[in-house]
Amino acid sequence: MPAAFPSALLGAGRPLALRGAGHSCDGQTVANGELLITYAPDTAAPQMRDLGDGLIEVPAGMSWYGLERYLDRRNRAVLVLPNYLHMSVGGTLSVGGAGIDSVRSGMQIDHVERIQLIDGTGTSRWCSRTDHPELFRFALGGLGTVGLIERAVLRTVPSCRDTHVHRADHATLAELAEHTERIAQRDDIDIYCASLRQGRLSSTTGWRGNGLRRCRDASCTIMSDLPFVGEYHTESIAARFSDQVRLWTDYVMPAGQFAPMLGAVETLLDRAPLKDVHVMLYILIVRRSPDASSFAFAPVGTAPVSIGLGLYTWIDYEPAVISATRHVFRDLLERCCELGGRPYLYGVNDLDGSLAERLYGTDLNRLAQLRSAHQLEHVNAHLPLARAAEQI
Ligand SMILES: Cc1cc2nc3c(=O)[nH]c(=O)nc-3n(C[C@H](O)[C@H](O)[C@H](O)COP(=O)(O)OP(=O)(O)OC[C@H]3O[C@@H](n4cnc5c(N)ncnc54)[C@H](O)[C@@H]3O)c2cc1C
């Protein structure tokens, strides 16, 4: 990405969609107008800068894979990694970013010190919790609706090589919900995820360290360099159904409200359309520090602990099934909203003005004002979030 290029493109005022690696759903990074693609891990790598004090400056087009390799050589790590690493740093921070480490360390955006943001006039400014704090709060998790994130300064920590991994199978979704809620109440766990995959219900709990040995738990294994093991697994899931439509969504509930949300999904799994398509469920816990910023559109609300439920479907190109699945998603989004949860906006969410207002309150109106003040009406205007803000 040549330095002058993004500013010139944003400032030109023509309809523009922003794209990282393009792994979000529902045509978010597809445009009728121009497309600005930042994902370029090879050219981004030489631009990374170690700022000292555990801070690292990363171009938006860097991949998490490249960043993790870079940090690994310095015995450092980011606090939260996504489980698939070939996504752009800028794109993931623009949706929020969560992973198995979120049970300990919250969202990826919680560990951003500052971002360089380009607005619709082509003006670039550094935003942080103290400089342009409102733009910072709207940009992280904001899907590029308040400008292009060009660089981010991230906090890092000393890396831990090993992880105690304990796997458990669960007989029913209700049992898994109970187990997940119990884990969400504990603050001594470093990694957690659970899934329903090919009929198998299982959870993974882990503790990190260096030079670990197996403990007495029969299910204990010690895994080294876990991020790199995990990403191959997820990559194979992404690629396996590449000739199908991928309708994915995640609902993020305050802890305590997870069982009813999972129950709502469970009742639909045995009925059309979900019983006829490939479905996977994926569960993460997100524990944030009490002083975490309140990002306007991030999937986590104000609850200190949240539980995310990913509902991932792969569907043949059958318009009726796709439309019926979207209908199911819309009903589930209503249920999520009733239970005090939020959608993860990288996914498929039919967000109209009134639902968006219920979810985001006055921040929706403020988004419209910020887009106008920073001349951003031509940027990512196709997104449901931007359209909902326009309707207010
Ligand atoms: C196989 C797979 C695994 C995944 N695993 C995880 C996971 O573990 N954790 C998780 O949190 N998510 C996960 N996701 C979802 C993923 O976080 C989002 O799809 C994320 O957006 C991916 O980054 P990207 O570079 O592909 O973004 P894109 O899809 O390119 O962009 C996402 C959004 O941000 C905007 N945008 C992109 N770049 C910028 C920028 N530089 N500045 C401003 N706006 C921008 C785009 O317009 C778009 O609205 C996964 C998705 C897939 C397909």
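Just so we're clear, the structure is a prediction, and the values are computed from it rather than from any experiment.

### Focus: the domain arrangement of the protein
For the protein, the assigned domains are domain 1 (4-159 + 355-380) and domain 2 (162-343). Just the C-alpha atoms count here: the centres of domain 1 and domain 2 sit 23 Å apart. Facing the 41 residues of domain 1 at the interface are 42 residues of domain 2. The largest share of the area that domain 1 buries against domain 2 comes from I100, V103 and R104, three residues that together contribute 19% of it. For the interface between domain 1 and domain 2, the tally reads five salt bridges. Of the charged contacts, one joins E334 and R358 as a salt bridge, the two residues approaching to 3.1 Å between their closest N and O atoms.

### Points about the sheet that holds strand 12 (residues 220-224)
The sheet built from eight strands is open, its strands ordered 12-9-11-10-14-15-13-16 with antiparallel pairing. Every other strand in the sheet has two partners, leaving strand 12 and strand 16 (342-343) as the edge strands with one partner each. One ladder, built from three bridges, connects strand 10 (residues 191-197) with strand 14 (residues 278-287); its direction is antiparallel. Along strand 14, the bridge assignment pairs S195 with Y282.

### Digging into the site of the ligand
Every one of the 35 residues lining the ligand counts as a neighbour, but L18, G20, S24, N83 and Y344 are closest to it. A distance of 2.6 Å is found between an oxygen atom of the ligand and a side-chain nitrogen or oxygen belonging to N83. The backbone of I149 places a nitrogen or oxygen atom 2.8 Å from a nitrogen atom of the ligand. Burial of the ligand by the protein chains amounts to 97% of its free accessible area of 950 Å². Sorting the residues of the shell around the ligand by element identifies strand 1 (16-19), helix 4 (89-93), strand 8 (148-158), helix 8 (226-240) and strand 13 (245-254) as the ones contributing at least two each. Looking at the shell around the ligand element by element, the count peaks at three residues for helix 4. A per-class count over the shell around the ligand returns 16 nonpolar, 17 polar and two charged. Two domains each put at least three residues into the shell around the ligand: domain 1 (4-159 + 355-380) and domain 2 (162-343).

### Points about the state of the cysteines
Under the defined criterion, the tally for this structure stands at zero disulfides. A disulfide-free cysteine, C25 has its sulfur positioned 16 Å from the sulfur of C336, the nearest such atom. C220 supplies the cysteine sulfur nearest to C160, a cysteine that is in no disulfide, at a spacing of 15 Å. Its relative accessible area of 36% is what places C160 among the partly exposed residues.

### Brief notes about helix 3 (residues 64-73)
Summarising burial for helix 3: seven of the ten residues are buried, a large majority. Listed as buried for helix 3 are W64, G66, L67, E68, Y70, L71 and D72. The positive-phi residue at the C-terminal boundary of helix 3 is N75, with phi of around 55 degrees.

What counts and what doesn't
- Every chain begins its residue count from 1, and numbering advances along the sequence as written.
- Given that this is a predicted model, residues contribute local features only at a pLDDT of at least 70 and side-chain atom pairs are listed and counted only at 80 or more, while totals for whole chains, interfaces and linings are drawn from all residues.
- Just so you know, side-chain values use all the structure's heavy atoms and leave hydrogens and water out.
- Throughout, the edges of the domains are those of an automatic or database domain assignment.
- Note on definitions: a residue-residue contact is assigned when non-hydrogen atoms from the two residues lie within 4.5 Å.
- Accessible area that two parts lose when put together, with a 1.4 Å probe and added across both, is what the buried area reports.
- We define a salt bridge as a contact between a side-chain nitrogen of Lys or Arg and a carboxyl oxygen of Asp or Glu at a distance within 4 Å.
- At least two bridges found by DSSP between two strands are what make those strands a pair.
- Numbering goes from the N terminus for both helices and strands, where a helix is a DSSP run of H or I of at least four residues and a strand is a run of E of at least two.
- Summary of the distance rule: residues count as near a molecule or strand when at least one heavy atom falls within 4 Å of that molecule or strand.
- Residues adjacent in sequence count toward polar contacts only when both atoms are side-chain atoms; beyond that, a polar contact is any pair of N or O atoms within 3.5 Å, and within protein one must be able to donate a hydrogen and the other to accept it.
- To measure how exposed things are, a 1.4 Å probe is used in the Shrake-Rupley method; for residues, cover is taken only from the protein chains shown.
- Polar here means any residue other than Ala, Val, Leu, Ile, Met, Phe, Trp, Tyr, Cys and Pro, which are nonpolar, and Asp, Glu, Lys and Arg, which are charged; Gly is therefore polar.
- Two cysteine sulfur atoms make up a disulfide if the distance between them is within 2.5 Å.
- Between buried and exposed lies partly exposed: a residue is buried under 20% and exposed over 50% of the maximum accessible area for its type, with that area taken using a 1.4 Å probe on protein chains only.

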